[in-house]
Amino acid sequence: MFRLLDEEKVFKDPVHHSVYVQEETIWRLINTPEFQRLRRIRQLGTTYLTFHGAEHSRFSHSLGVYEITRKIINQFERNGYKDWPQEEKMVSLCASLLHDVGHGPFSHAIEQVFDMDHEEWTCAIILGDTAVNRVLKEADEELPQKVASVIRKTYDKPIVVSLVSSQMDADRMDYLLRDAYYTGVNYGTFDLDRILRVLRPHQGRIVVKESGMHAVEDYLMSRYQMYWQIYFHPVTRSSDILLKKIFKRAMELHRNGYTFKFMLHPLRQLLKGELTVADYLSLDDNIAFAAFSQWALEEDELLADLSRRFLNRQLYKYVQLETMDLKLADSLREEWTSIGLDPEYHLETDTVVDLPYDLYKPGIETGPSEKPPILLLDEKDQLTEISAKSDIIRSIAGIHRGKYFIYYPEELLREKADLLKTRTRELLHL
Ligand code: ZN
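Residues numbered from 1 in each chain as written. Predicted model: local features only at pLDDT ≥ 70, side-chain atom pairs only at ≥ 80, totals over all residues. Heavy atoms only, no water.

J.: Quick one: what's the story with the domain arrangement of the protein chain, residue by residue and with numbers?
T.: Domain boundaries assigned for the protein chain yield domain 1 (4-231), domain 2 (234-308) and domain 3 (316-356 + 401-430). Once you take the C-alpha centre of each, domain 1 and domain 2 turn out to be 30 Å apart. The interface is formed by 27 residues belonging to domain 1 together with 24 residues belonging to domain 2. Summing both partners gives a buried area of about 2,300 Å² for domain 1 against domain 2, and 68% of it is carried by carbon and sulfur. Sorting the residues of domain 1 by area buried against domain 2 places Arg 40, Phe 114 and Trp 121 first, and these three jointly supply 25% of that buried surface. Linking Asp 284 and Arg 40 is a salt bridge whose minimum nitrogen-to-oxygen distance equals 2.7 Å. Counting across the domain 1 and domain 2 interface gives ten residue pairs in polar contact (both at pLDDT 80 or more). Sorting the residues of the side of domain 1 that touches domain 2 by element identifies helix H5 (107-114), helix H6 (118-127) and helix H12 (213-231) as the ones contributing at least two each. Take the side of domain 1 that touches domain 2: its biggest share by element is five residues, from H5. Partitioned by chemical class, the residues of the side of domain 1 that touches domain 2 number 15 nonpolar, eight polar and four charged. (Domains from an automatic or database assignment. Contact = heavy atoms within 4.5 Å. Buried area = accessible area lost by both parts, 1.4 Å probe. Salt bridge = Lys/Arg side-chain N within 4 Å of Asp/Glu carboxyl O. Polar contact = N/O pair within 3.5 Å; in protein donor to acceptor, adjacent residues only side chain to side chain. Helix = DSSP H or I, 4+ residues; strand = E, 2+ residues; numbered from the N terminus. Nonpolar A, V, L, I, M, F, W, Y, C, P; charged D, E, K, R; others polar.)

Rendered as structure tokens:
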């Protein structure tokens, strides 16, 4: 059963001012080793190398998502909306608190190298032999399964899924505000209180009262700005590229039987692709940094150089291209090899594409991964997809804007600049 704490607990939070915990289960989940581990994982991975304030953790973000979800549900309950299934409150709160519990250090970069999925790890932690699993089970035998299916977006109450995962969910609302706060940028903010007031449960989903349209416009614009100014910042992409190359090199060395001077058990299992849940839970930013500082002293010159670069922030330089020219990339690779550089490690092409708002197209099947559209509810109880009423959203919806870059170690190329083609020297400003 869901017992209330004798006295509610309050966390100070720079984004929401306070985070309130009333249920014993939530309090016990926060105090599990698996949730406390999130303090040791940066929310924005390598972004701190671009925006030095971005040191905030997945712990603070997860508490924030919980707090937004709690406020939304409170608003529904205060107003007595019949379309909100009250018995789903705890499933929703637990899922929002735990939605990122499976993130590892520098998740997005590591997931690409090792072909992992943090959502699957989240479910493995919720369902596995963990303190999180025991706390959930003690509250309700079926709670772990329910929470995992919310994470997998297969839960049979879609309204719960849409709280945690939709185009305007508690997760996105928290990370946009939090990331804007910690990076120190001025865009990225929107009126959260106003949005929370205009959300309505309606026939199994969450919709927006029409008078809240402008607050939603602001939210989508802030998302658009944050993607291009923060999340896709080319310097952050450059740091991510270095990080991926470090792990790629380590994995290659491991496969070739190289003897590392420094290796820790969970790292070896990561390189082997044989992580258990317990191994995975012992990975955090600290272990990754310990490895980089020791790998900077390895005999393998490539691994040592990449690790030193990452630690000392000697990032690859970049140039932006008009389009992604595959022929150009191929010819650069050949040129790199001819001057003794390794194109696998000393060159990277990168394309970033964002879709600011997934427009709902009538008649086109939406797959399970696609997020449902944002719907406005008018006074006659009619629903309209938001871009049909908002000029601003129509103008940014469906835009697939792409940017294309080439990354390279400038000083290594500069040493051999006279061996490079004139065209290449001009392109890379050497
Ligand atoms: Zn999240």
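J.: Tell me what's going on with the pattern of salt bridges, and back it up with residues and numbers.
T.: Side chains that differ in sign of charge can pair as their charged atoms come close. Across all of its chains, the model carries 27 salt bridges by this definition. Two residues, Arg 414 and Glu 410, come together in a salt bridge whose shortest N-O distance is 2.8 Å. Highlighted residues: Arg 414 and Glu 410, both in helix H21 (residues 410-415), separated by four residues, approximately one helical turn. With a relative accessible area of 43%, Arg 414 lands in the partly exposed category. (Buried < 20%, exposed > 50% of the residue type's maximum accessible area, 1.4 Å probe, protein only.)

J.: Can you lay out the packing of aromatic side chains for me, pointing to particular residues and giving the numbers?
T.: Evaluation of the coordinates by the stated rule reveals 26 aromatic pairs. Ring geometry for Tyr 175 against Tyr 231: centres 6.0 Å apart, planes inclined by 80 degrees, an arrangement best described as edge-to-face. Of the two residues, Tyr 175 is situated in helix H10 (residues 170-183) and Tyr 231 in helix H12; the sequence distance between them amounts to 56 residues. Pair check on accessibility: Tyr 175 and Tyr 231 agree, each one buried. Aromatic side chains Phe 190 and Tyr 219 sit 5.2 Å apart centroid to centroid with 85 degrees between the ring planes, which places their arrangement in the edge-to-face category. (Phe/Tyr/Trp six-rings, centres within 6.5 Å; stacked < 30°, edge-to-face > 60°.)

J.: Which residues make up the environment of Tyr 231, and what values go with them?
T.: Its relative accessible area of 16% is what places Tyr 231 among the buried residues. In sequence terms Tyr 231 and Val 352 are 121 residues apart; their C-alpha atoms lie 10.0 Å from each other. Beyond its immediate stretch of four places on either side in the chain, Tyr 231 contacts Leu 44, Tyr 175, Leu 176, Asp 179, Met 226 and Arg 237. A polar contact of 2.7 Å, which involves the side chain of Tyr 231, links it to the side chain of Asp 179.

J.: If you had to explain H10 to someone new, which residues and values would you point to?
T.: Over its 14 residues, H10 runs 20 Å from end to end, which matches the ideal 20 Å to within 8%, given 1.5 Å per residue. Where H10 is concerned, the buried positions are Ala 170, Asp 171, Arg 172, Met 173, Asp 174, Tyr 175, Leu 176, Leu 177, Arg 178, Asp 179, Ala 180 and Thr 183. Those residues of H10 hidden inside the fold are in contact with strand S1 (4-13), helix H3 (58-79), helix H9 (158-164), helix H11 (192-198), strand S3 (199-202) and H12. The opening residue of H10 is Asp 169, an N-cap whose side-chain oxygen sits 3.2 Å from the backbone nitrogen of Asp 171. Where H10 ends, the next residue or the one after it, Gly 184, has phi of about 85 degrees, a positive value. (Expected span 1.5 Å × (residues − 1).)

J.: Residues and numbers for helix H13 (residues 234-255), please.
T.: Between its first and last C-alpha atoms H13 spans 31 Å; for 22 residues at 1.5 Å apiece the expected length is 32 Å, and the two agree. Positive backbone phi, approximately 80 degrees, marks Gly 257, located one or two places after H13.

J.: Pulling in residues and values, what's your account of the layout of surface pockets?
T.: Considered as a void within the structure, the largest pocket measures approximately 1,400 Å³ in volume. Surrounding the largest pocket, 50 residues form its lining, His 103, His 108, His 118, Tyr 175 and Tyr 227 being those nearest its centre. Of all the secondary-structure elements, those providing two or more residues to the lining of the largest pocket are H3, H5, H6, helix H8 (143-151), H10, H12, H13 and strand S6 (348-354). When residues of the lining of the largest pocket are assigned to their parent elements, the largest contribution, six residues, is made by H13. Here the lining of the largest pocket is composed, by residue class, of 14 nonpolar, 17 polar and 19 charged. (1 Å grid on protein atoms, 1.4 Å probe; cavity = no way out; pocket = protein on both sides within 12 Å on 5 of 7 lines; lining within 4 Å. Points joined across faces, edges and corners; volume = space filled by probe spheres on them.)

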